[in-house]
Structures are given as structure tokens and as C-alpha cells.
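What follows is the residue order along each chain.
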Amino acid sequence: QPTTPEVTTPDTSDDVPPAKPEVKTMTLTTIQVTTGETQTEIFAGAELMAYLSKQNVTVAEDGFPISISIDPTLDEDGFLIEASFEENRGMTFKGSNERGVLYAVYRFLEKYAGLRAFTPYLEVYPEEGDIIIEEGTMIEYQPVFEMRVNDWYKWVPNQFRYPWCVKNGVNMVDGW
């Protein structure tokens, strides 16, 4: 005669959700930015310093070191932002190409400094507040679509068109 297997349910009364891993954080107050030699890398460094200075982060020789460079080993238009608080103290912004470097800086500013570039004529960012960074890989990004476009740009003068597009990850502004 067949027997019915005994079914037991595990005792979950002592189950505790797993603890989130501890993340080391640091508040940026002073920075020292170094860049590669291309115009875009230098511009990306200037943009980072300009926006952070609006939030009372100062540039100083002994500031937290930040390096901005092109790393062609990353995928097209991708970028990587990492921070270390130990011996190799500092933060690196790496982009696969010139757009990737700019995307890294603007995405950092958006996520960690509160920058919002809503339109070519309207940007907002907090005038106060701490910029807290995390140790390890902060942002690693590879665009899902090769072409990222919208059609509003046709009505915006060129001097505003391109800066807004790169701040928002748009890479097609002159048609196909």
C-alpha cells in the first residue's frame, strides 16, 4: 500500500533577513582633480569642479584625489566610477571614449550631487547638502541602446543643444 510522504514546513520564527553589507562612505569637502590630455577630459574635470564648487566643495592641493580619463577597454559610451578610501585613496572616472568620460561626470553629479538638467535652459542642484560617496564601484554603466535620440532638439539653438544632450545621455542630435 502506498504511503503519503510526510511534509514539513521549516520553522521560520528565527529567520532574520540578511543584513545589508556595510558600505563605507565619505563626505566630499575638498578635491584635487587630474585629467588626461584630451580637450574632453580637461572639460569634464572643469565641469566637475564647477558644479561641486557650487555646493561648497573646494579645490585644494591636498583634496581628495579624483582622476578623469579615457579607458578604451570599456564598451562603447560606457563608463566606470570607483572610489577607494584606503592606501590607493581617491576616485576614478573612466569613460570608454570622450562621450563616456562626460557621461561619467554628469551621472555622478546627478546621482551624488543632485544635478538635474531638465531642459537646455533649466538646471537645478541643491545649494546646500553633503556629497557623500561610497567606497568601491559607485557607478558602472553601459548604454542599452546604441542610438539615443529625441526630436525636440530641432527647436533649440546649437549652443544649448549639445551640452544638454550629453548631460542626459543623448548621442544623436543631427538626425540619422
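As shown above, the structure is provided for reference.
Student: Please explain the overall build of the chain as it appears in this structure.
Tutor: Counting secondary structure elements, the chain contains 3 helices and 10 strands. Reading the chain from its N terminus to its C terminus gives the helix and strand order β-β-α-β-β-β-β-α-β-β-β-β-α. Long-range contacts, defined as pairs at least 24 residues apart, comprise 68% of the intrachain contacts of the chain with a sequence gap of at least 6. Roughly 11400 Å² of accessible area belongs to the chain as shown, and the carbon and sulfur atoms make up 52% of that amount.

Student: What should I look at first to understand helix α2 (residues 98–113) in this one?
Tutor: One turn of an α-helix holds 3.6 residues; hence residues three or four places apart share an orientation. With 16 residues, α2 should reach 22 Å at 1.5 Å per residue; the first-to-last C-alpha distance of 22 Å fits that figure. Taken together, the buried positions of α2 are occupied by Gly100, Val101, Leu102, Tyr103, Ala104, Val105, Tyr106, Phe108, Leu109, Tyr112 and Ala113. Sitting at the amino-terminal end of α2 is Asn97, which places a side-chain oxygen 3.2 Å from the backbone nitrogen of Arg99. At the C-terminal side of α2, Gly114 shows a positive phi close to 80°.

Student: Any chance you could explain the pattern of salt bridges here in plain terms?
Tutor: Working definition: two side chains of opposite charge can pair if their charged atoms are close together. Under the counting rule described, the total for this entry stands at 5 salt bridges. Of the charged contacts in the structure, one is a salt bridge between Arg99 and Glu76, with a shortest N-O distance of 3.7 Å. Of this pair, Arg99 sits in helix α2 while Glu76 is found in the loop between β4 (64–70) and β5 (79–84), placing the two residues 23 residues apart along the sequence. The exposure class of Arg99 is partly exposed, given its relative accessible area of 32%. A relative accessible area of 53% means that Glu76 is categorised as exposed. Note that Arg99 and Asp77 form a salt bridge whose closest N and O atoms lie 3.1 Å from each other. Here the residue Arg99 occupies a position in helix α2, and Asp77 occupies one in the loop between β4 and β5, the gap between them amounting to 22 residues.

Student: Explain the nonpolar core here, please?
Tutor: Generally speaking, a soluble globular protein has its nonpolar side chains buried in company with each other. With 33 residues, the main nonpolar core has Leu48, Leu52, Met91, Phe93, Phe108 and Leu109 as its most contacted residues. Secondary-structure elements contributing two or more residues to this core are β2 (30–35), α1 (39–53), β4, β5, β6 (90–95), α2, β9 (131–134) and β10 (136–141). Broken down by element, this core gets its largest block of residues, 10 residues, from α2. Sequence-distant contacts of Phe93, defined by excluding residues within four places in its chain, comprise Leu48, Ile66, Ser67, Ile68, Ser69, Leu80, Ile81, Ala104, Val105 and Phe108.

Student: Explanation requested: the sheet that holds β4 in the structure shown.
Tutor: Strand pairing in a sheet relies on backbone hydrogen bonds. The paired strands run either parallel or antiparallel. The 6 strands lie next to each other as β3-β2-β4-β6-β5-β10, forming an open sheet whose pairing is mixed. A strand with exactly one partner marks an edge of an open sheet, and here the two such strands are β3 (58–59) and β10. Looking at chain direction, β4 and β6 are connected through 5 bridges and run parallel. Counterpart to Ile70 in the pairing with β6 is Gly95. Strands β2, β3, β4 and β6 of the sheet are contacted by α1, whose axis makes an angle of about 170° with β2. Sheet strands in contact with α2 are β4, β5, β6 and β10, and its direction is about 120° off that of β10.

Student: Sorry if this is basic, but what is going on with the packing of aromatic side chains here?
Tutor: The description of two aromatic rings rests on the distance between their centres and on the angle between their planes. Per the stated rule, a full pass over the model turns up 5 aromatic pairs. Judged by centre distance (5.5 Å) and plane angle (40°), the ring pair of Phe79 and Tyr141 falls under tilted. Of this pair, Phe79 sits in strand β5 while Tyr141 sits in strand β10, and the two are 62 residues apart along the sequence. The partly exposed category is assigned to Tyr141, whose relative accessible area is 38%. With a centroid separation of 5.3 Å and an interplanar angle of 80°, the aromatic rings of Phe93 and Phe108 are classed as edge-to-face.

Rules used in this analysis
Residue positions are counted from 1 within each chain, in the order its sequence is given. Two thresholds apply to this predicted model, a pLDDT of at least 70 for residue-level local features and 80 or more for giving and counting side-chain atom pairs, whereas whole-chain, interface and lining totals are computed over all residues. For the side-chain quantities, the full set of heavy atoms in the structure was used; hydrogens and water were omitted. The numbering of helices and of strands both runs from the N terminus, where a helix is a DSSP run of H or I of at least 4 residues and a strand a run of E of at least 2. The contact criterion used throughout is that any non-hydrogen atoms of two residues lie within 4.5 Å. Areas reported as accessible are Shrake-Rupley estimates using a 1.4 Å probe. Residue values count occlusion only from the protein chains shown. Expected helix span is computed as 1.5 Å times (number of residues minus one). With a 1.4 Å probe rolled over the protein chains alone, any residue whose accessible area is under 20% of its type maximum counts as buried; one over 50% counts as exposed, and the rest are partly exposed. A 3.5 Å cut-off defines polar contacts: any pair of N or O atoms within that distance qualifies, except that in protein one atom must be a possible hydrogen donor and the other a possible acceptor, and neighbouring residues in sequence count only when both atoms are side-chain atoms. When a carboxyl oxygen of Asp or Glu lies within 4 Å of a side-chain nitrogen of Lys or Arg, that pair is called a salt bridge. Definition of nonpolar core: a set of buried residues of the types Ala, Val, Leu, Ile, Met, Phe, Trp, Tyr and Cys, connected through side-chain atoms within 4.5 Å. At least two bridges found by DSSP between two strands is the condition for calling them paired. All axes here are fitted lines through C-alpha atoms, helices being fitted over the stretch that makes contact, and every angle between N-to-C directions spans 0 to 180 degrees. By convention, a stacked pair of Phe, Tyr or Trp rings (six-membered ring in the case of Trp) has centres within 6.5 Å and planes under 30 degrees apart, an edge-to-face pair has planes over 60 apart, and any other such pair is tilted.

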